[in-house]
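Remarks on the overall topology
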Amino acid sequence: LLLLSHAAWGLTEGLYCGRRVCYDVLGVSRQASKAEIARAYRQLARKYHPDRYRGEPASPDGGGPQAAHEKFLLIATAYETLKDEETRKDYDYMLDHPEEYYRHYYHYYSRRLAPKVDVRIVILVTVCAISVFQFFSWWSSYNEAINYLATVPKYRIQATEIARQQGLLNKTKEKGKNRRSKEEIREEEEEIIKDIIKNKIDIKGGYQKPKIYDILLFQILLFPLYLCKYIAWSCWWIYCFRIKGQEYGVEEKLYIIRKYMKMSQSQFDSLEDHQKETFLERQLWIRENYEVYKQEQEEELKKKMALDPRWKRYRRWMKNEGPGRLTFIDD
C-alpha cells in the first residue's frame, strides 16, 4: 500500500494541484456539483485573497502573507481544474488510473497549450482581411490604369469626341447663376473623359476592372463548384477530341496555344487581337508548328539583343571587367 501510494503521489507532481488533491484543496467531495465547487471557491478566495489579507494567520500552522498568496494560487488552480467538465474528467481519470503517466501529461499540456481562440475563426478573419486588401488593391490598380489612359492622346481624343457627340461637354459650360470657375469645369470634363474610357475601353490583364468573385474568399467558397466544372470540362474534352476525334474550334485552339506558351488567362487576354490571329494562321495549336515559332522568336530576340547598344555595353563590361574583377579606377 505504501509503494502504491508513493507511486500515485509522484505521478501528480507538476500536474494540476501538484501533490494535493484538488477536491481536498476546496474542501469538497468528488461528487460535488459545479455550484458547490464555485461556492467553496468563493469562500476560500475571500479568505486567502492577497488584497483581503491583513496580517492574521493565513493557515492553521501560522503562515504569513507569502503563505496566503501561495494558498490562494493553489485554490485558484483547483477551481480552474474542476470548473470545466472536460478538465475535471481528465483529472478524475488521473486519480483513478495513476499508472498511465504519459497520458496524463499529454492531456494536461495539450489543454494548457491549446489556443484560446478557435482556429477556424482566426483563419476566417485572416481570409476576410486578405480579401478586403486584395479587392481595394485591385481597385487602386484599375484607377491608376484609367488615369494613365486619360493622359494618352489616342484614347483622350477618342473619349473627348464621344463626349461631344453625346453633348456631355456642353453641359459643363453653363451661364448665369450656375456659372462655375474654369477649374471646376476642367475637373468635371476630366471625370467625364475618365467615365467614357471606363465604359468604352476593355482593360485586360493585371489592371482590369476588379470583380467580387475573384477575391480569395469567394475563390475558396466556390472552389468545389470550380472543381466540379473542371472535372466535367475534362471529361467533355476527352470524349469530344480524344474519343470522337472532333476538330478543334477557335476557343479550343487558343486554349492549346495558351498552354504551350505557359501563360495565364489574364496574360493571354491582354494580347492584341492581331497576335491571336497570327497564332491561328500559323496553326500553333500543333506542337511542331509551335516549336518552329518558338525557335523563330528566340532567334529574333537574340538579334535584337545583338543590335541593342545597351546589351553591347553590358557584354563589353562582362568581357573587360565583369562583376568580380578588381580594378584601380578612382571614380
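Residues numbered from 1 in each chain as written. Predicted model: local features only at pLDDT ≥ 70, side-chain atom pairs only at ≥ 80, totals over all residues. Heavy atoms only, no water.

Looking at an unreviewed UniProt entry, the protein chain carries the name DnaJ homolog subfamily C member 25, with the source organism given as Tricholaema leucomelas. The Sequence similarities (unreviewed entry) comment attached to the protein chain in UniProt states, word for word, "Belongs to the DNAJC25 family." Within the UniProt record for the protein chain, the comment given under Subcellular location (unreviewed entry) is "Membrane". (UniProt positions renumbered as here; feature names shortened; annotations may be inferred.)

Further remarks concern the overall build of the protein chain. In terms of helices and strands, the protein chain carries 16 helices and 0 strands. Every one of the 331 residues in the protein chain was classed for burial, and the buried ones make up 25%. For the protein chain, contacts bridging at least 24 residues in sequence account for 57% of all contacts bridging at least 6. A total accessible area of about 24900 Å² is found for the protein chain, and carbon and sulfur atoms account for 56% of it. (Helix = DSSP H or I, 4+ residues; strand = E, 2+ residues; numbered from the N terminus. Buried < 20%, exposed > 50% of the residue type's maximum accessible area, 1.4 Å probe, protein only. Contact = heavy atoms within 4.5 Å. Areas by Shrake-Rupley, 256 points an atom, 1.4 Å probe, with all protein chains shown as cover.)

The next subject is a negative patch on the surface. A surface patch of negative charge is lined by Glu-184, Glu-187, Glu-191 and Asp-195. Note that Glu-191 resides in helix H9 (residues 182–200). On the basis of relative accessibility, which here comes to 45%, the residue Glu-191 falls in the partly exposed class. (Patch = residues over 30% accessible without salt bridge, like charges linked within 9 Å, V, L, I, M, F, W, Y side chains within 5 Å. Salt bridge = Lys/Arg side-chain N within 4 Å of Asp/Glu carboxyl O. Lys, Arg positive; Asp, Glu negative; His and termini not counted. Charge placed at Lys NZ, Arg CZ, Asp CG, Glu CD.)

Okay, a positive patch on the surface next. Together, Arg-39, Arg-42, Arg-46 and Arg-52 make up a positively charged patch on the protein surface. With respect to the helices and strands, Arg-42 occurs in helix H3 (residues 34–48).

Moving on, we get to the UniProt feature "transmembrane region" (unreviewed entry) in the protein chain. As recorded in UniProt, the feature "transmembrane region" (unreviewed entry) lies at residues 121–139 and 216–239. With 100% helix and 0% strand, residues 121–139 has its two end C-alpha atoms placed 27 Å apart.

In this structure the tally under the stated criterion is 9 salt bridges. With a closest N to O distance of 3.3 Å, Lys-83 and Glu-80 form a salt bridge. Of this pair, Lys-83 and Glu-80 both sit in helix H4 (residues 65–83), separated by 3 residues, roughly a single helical turn. Connected through salt bridges with shared partners, the residues Arg-30, Asp-92 and Asp-96 form a single ionic network.

A word on the packing of aromatic side chains. One pass over the full model with this rule turns up 20 aromatic pairs. On the numbers, 5.6 Å between centres and 75 degrees between planes, the contact of Tyr-213 with Phe-218 is edge-to-face. An angle of 75 degrees between the planes, with centres 5.8 Å apart, marks the rings of Phe-279 and Tyr-293 as edge-to-face. Taken together, the residues Phe-279 in helix H14 (residues 273–281) and Tyr-293 in helix H15 (residues 287–307) connect sequence positions 14 residues apart. Neither Phe-279 nor Tyr-293 differs from the other in exposure class; each is buried. A network of ring pairs unites the aromatic residues Tyr-230, Trp-233, Trp-236, Trp-237, Phe-241, Tyr-248 and Tyr-255 as a single cluster. Sitting above the plane of the Tyr-260 ring, Arg-287 keeps its charged end 4.5 Å from the centroid. (Phe/Tyr/Trp six-rings, centres within 6.5 Å; stacked < 30°, edge-to-face > 60°. Lys NZ or Arg CZ within 6 Å of the ring centre and 35° of its normal.)

With that out of the way, let us pick up the confidence of the model for the protein chain. For the protein chain, per-residue confidence averages 80 on the pLDDT scale, and residues scoring 70 or more make up 81% of the total. Helix H11 (residues 223–243) holds the highest mean pLDDT among the elements of the protein chain, 93, whereas helix H1 (residues 2–11) holds the lowest, 41. Confidence drops under a pLDDT of 50 for residues 57–61, and excluding neighbours within four residues, the segment shows 7 contacts in the predicted structure. (pLDDT = per-residue confidence, 0-100.)

With that settled, the discussion passes to the environment of Ala-306. Along the chain, Ala-306 turns up in helix H15. The contacts of Ala-306, once residues within four sequence positions are left out, are Lys-312 and Arg-315.

Turning to a nonpolar patch on the surface, a few remarks are in order. A surface patch of nonpolar side chains, amounting to about 620 Å² of accessible area, comprises Phe-223, Leu-227, Tyr-230, Ile-231, Trp-233 and Trp-236. Locating Trp-233 in the fold gives a position in helix H11. Of the residues examined, Trp-233 reaches a relative accessible area of 31% and is grouped as partly exposed.

Looking at the element boundaries, Thr-81 is found in helix H4. Take Thr-81: its relative accessible area is 4%, and that puts it in the buried class. A polar atom in the side chain of Thr-81 sits 2.8 Å from the backbone oxygen of Thr-77. Ignoring anything within four residues of it in the chain, the contact list for Thr-81 reads Tyr-16, Cys-22, Thr-87, Arg-88 and Tyr-91. (Polar contact = N/O pair within 3.5 Å; in protein donor to acceptor, adjacent residues only side chain to side chain.)

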